[in-house]
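In case you want the letters, here they are:
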Amino acid sequence: MGKTENEKRLAAEASVEFIKEGMVVGLGTGSTAEFMIRRLGEKVTEGLVLTGVPSSERTASLARELGIPLTSLDSVDKLDIYIDGADEIDADFNMIKGGGGALLREKILAYNSKFNVIIVDSSKKVKSLGKFRLPVEVIPLAHKKIIDELKGLGLDPILRKVDEAEYRTDENNYIVDLDMSTHKNAQELNATLLAIPGVVETGLFINYVNVLIVGNAGVVDVMKVDRG
């Protein structure tokens, strides 16, 4: 296992210690979250009782395979905890998420959770957001108009494709990936994007983190965040 994969695994496995008996647990999506889900599957096999709420069909499939009981978000009041990775996280704990295409469901679960734990390898910590392209989920009907508007904002939009076909999210929408490197105010940019009709959600996650766990060269750094 390479350095980055080992850091992901260390952070993911440390996050499982926050899960207690009987909790409703939001399950993230992506390579780091997968390490967490696999460890959680082991804990369930060992007798830990919990219920999971998946943030994607991919995560749901893996959780079922590992014997983790699942329910829907509408079937619970609030998630006790949500654990997920990030594509970038800055010094103010703002994040870019959605590289795996699940940003809409991920943000819904994070919003409806009492406590959010973010797990990353050390490469995901950045001084300012923007090296990783910002995913934005859009309605297919409006995507060409939205792309034209995003070009006008200097965001260099690229419609995400897989094998030359438009990428479809679990909600059957498209994703447009943006260059936000020249837009330093994440909150302002988020508001601008959400004001465009047909933009469903952005991959900017602002003020969501309660605990950040970073795998860092064989150890884990655990940071508690005061969200005021």
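This text goes with the structure placed above it.
The paragraphs below set out a description of the structure included in this document. For clarity, every value in this text was computed on a predicted model and none was experimentally measured.

1. Things to note about the overall build of the chain
The number of helices and strands found in the chain is 6 helices and 15 strands. A compact globule built from 228 residues would reach a C-alpha radius of gyration of about 17 Å, and the chain, at 17 Å, matches this within 12%. When its C-alpha atoms are laid out on the principal axes, the chain stretches across 55 × 40 × 35 Å. The proportion of buried residues among the 228 residues of the chain is 51%. Summarising the internal contacts of the chain: among those between residues at least 6 apart in sequence, 74% fall at separations of at least 24. As displayed, the chain offers around 10,800 Å² of accessible surface, 49% of which is attributable to carbon and sulfur atoms. Put simply, the chain has 28 plus and 35 minus side-chain charges, and the middle of one group is 2 Å from the middle of the other.

2. Re the packing of aromatic side chains
Tallied over the entire structure, the rule returns 2 aromatic pairs. A cation over a ring is seen here: lysine 107 above phenylalanine 205, with NZ or CZ 4.9 Å from the ring centre. One cation-aromatic arrangement involves arginine 160 over tyrosine 167; the distance from NZ or CZ to the ring centre is 5.5 Å.

3. Considerations on the environment of phenylalanine 18
Positionally, phenylalanine 18 belongs in the loop between helix 1 (3-15) and strand 1 (24-27). Each C-alpha atom, one on phenylalanine 18 and one on valine 211, is 10.0 Å from the other, the two residues being 193 residues apart in sequence. Residues in contact with phenylalanine 18, not counting those within four places in the same chain, are Met23, Ile81, Phe115, Val211, Ile213 and Val222.

4. Section: the pairing of strand 11 (residues 174-178)
Counted residue by residue, strand 11 has 5 buried out of 5 residues, so it is predominantly covered. Neither face of strand 11 is exposed, since Tyr174, Val176 and Leu178 on one face and Ile175 and Asp177 on the opposite face are all buried. Of the strand pairs in this sheet, strand 7 (residues 134-138) and strand 11 are connected by 5 bridges, and their pairing is antiparallel. Considered in strand 11, the bridge of proline 135 is made with aspartate 177.

5. Description of the sheet that holds strand 5 (residues 95-96)
Spatial ordering of the open sheet is given by 4-5-13, a layout of 3 strands whose pairing is antiparallel. Of all strands in the sheet, those with a lone pairing partner are strand 4 (88-89) and strand 13 (204-205), marking the two edges. Pairing of strand 4 with strand 5, which is carried by 2 bridges, proceeds in the antiparallel orientation. What sits directly across from glutamate 88, in strand 5, is isoleucine 96.

6. Let's talk about helix 3 (residues 57-65)
Residues lying three or four places apart along an α-helix face the same way, a consequence of the helix completing one turn every 3.6 residues. Those residues of helix 3 that sit buried are Thr59, Ala60, Leu62 and Ala63. Viewed along the axis of helix 3, the buried residues span an arc of 165 degrees, placing them on a single side of the element. Facing away from the buried surface of helix 3 by more than 90 degrees, the exposed residues are Arg64 and Glu65. Contacts made by the buried residues of helix 3 are with strand 1, helix 2 (31-45) and strand 2 (51-54).

7. Quick look at the sheet that holds strand 8 (residues 158-159)
Where strands meet in a sheet, backbone hydrogen bonds hold them as pairs that are either parallel or antiparallel. The 4 strands lie next to each other as 8-11-7-12, forming an open sheet whose pairing is antiparallel. Because the sheet does not close on itself, it has two edges, and the strands there are strand 8 and strand 12 (199-202). On the sheet, helix 4 (residues 103-111) packs against strand 7, strand 11 and strand 12 and is oriented at approximately 65 degrees with respect to strand 12. The sheet strands contacting helix 5 (residues 143-152) are strand 7, strand 8, strand 11 and strand 12, and the helix crosses strand 11 at an angle near 10 degrees.

8. Considerations on the packing of helix 2 against helix 3
Direction vectors running N to C along helix 2 and helix 3 enclose 25 degrees, while the axes themselves pass 9 Å from each other. Between helix 2 and helix 3, the angle is such that the two are roughly parallel. You can see that helix 2 and helix 3 cross each other, and the crossing is right-handed. Contact with helix 2, carried on its side by Glu34, Ile37 and Arg38, involves Thr59, Leu62 and Ala63 of helix 3 and no other residues of that element. Grouping the constituent residues of the contact of helix 2 with helix 3 by class yields 3 nonpolar, 1 polar and 2 charged.

Cut-off values and rules
- Residues numbered from 1 in each chain as written.
- Predicted model: local features only at pLDDT ≥ 70, side-chain atom pairs only at ≥ 80, totals over all residues.
- Heavy atoms only, no water.
- Helix = DSSP H or I, 4+ residues; strand = E, 2+ residues; numbered from the N terminus.
- Rg over C-alpha atoms; globule rule 2.2 N^0.38 Å.
- Buried < 20%, exposed > 50% of the residue type's maximum accessible area, 1.4 Å probe, protein only.
- Contact = heavy atoms within 4.5 Å.
- Areas by Shrake-Rupley, 256 points an atom, 1.4 Å probe, with all protein chains shown as cover.
- Lys, Arg positive; Asp, Glu negative; His and termini not counted.
- Charge placed at Lys NZ, Arg CZ, Asp CG, Glu CD.
- Phe/Tyr/Trp six-rings, centres within 6.5 Å; stacked < 30°, edge-to-face > 60°.
- Lys NZ or Arg CZ within 6 Å of the ring centre and 35° of its normal.
- Pairing = 2+ DSSP bridges.
- Arc of directions from axis to C-beta.
- Axes fitted to C-alpha atoms, helices over the stretch in contact; angles between N-to-C directions.
- Parallel < 35°, antiparallel > 145°, perpendicular 65-115°, else oblique.
- Left-handed = near helix turned anticlockwise from the far one by under 90°.
- Nonpolar A, V, L, I, M, F, W, Y, C, P; charged D, E, K, R; others polar.

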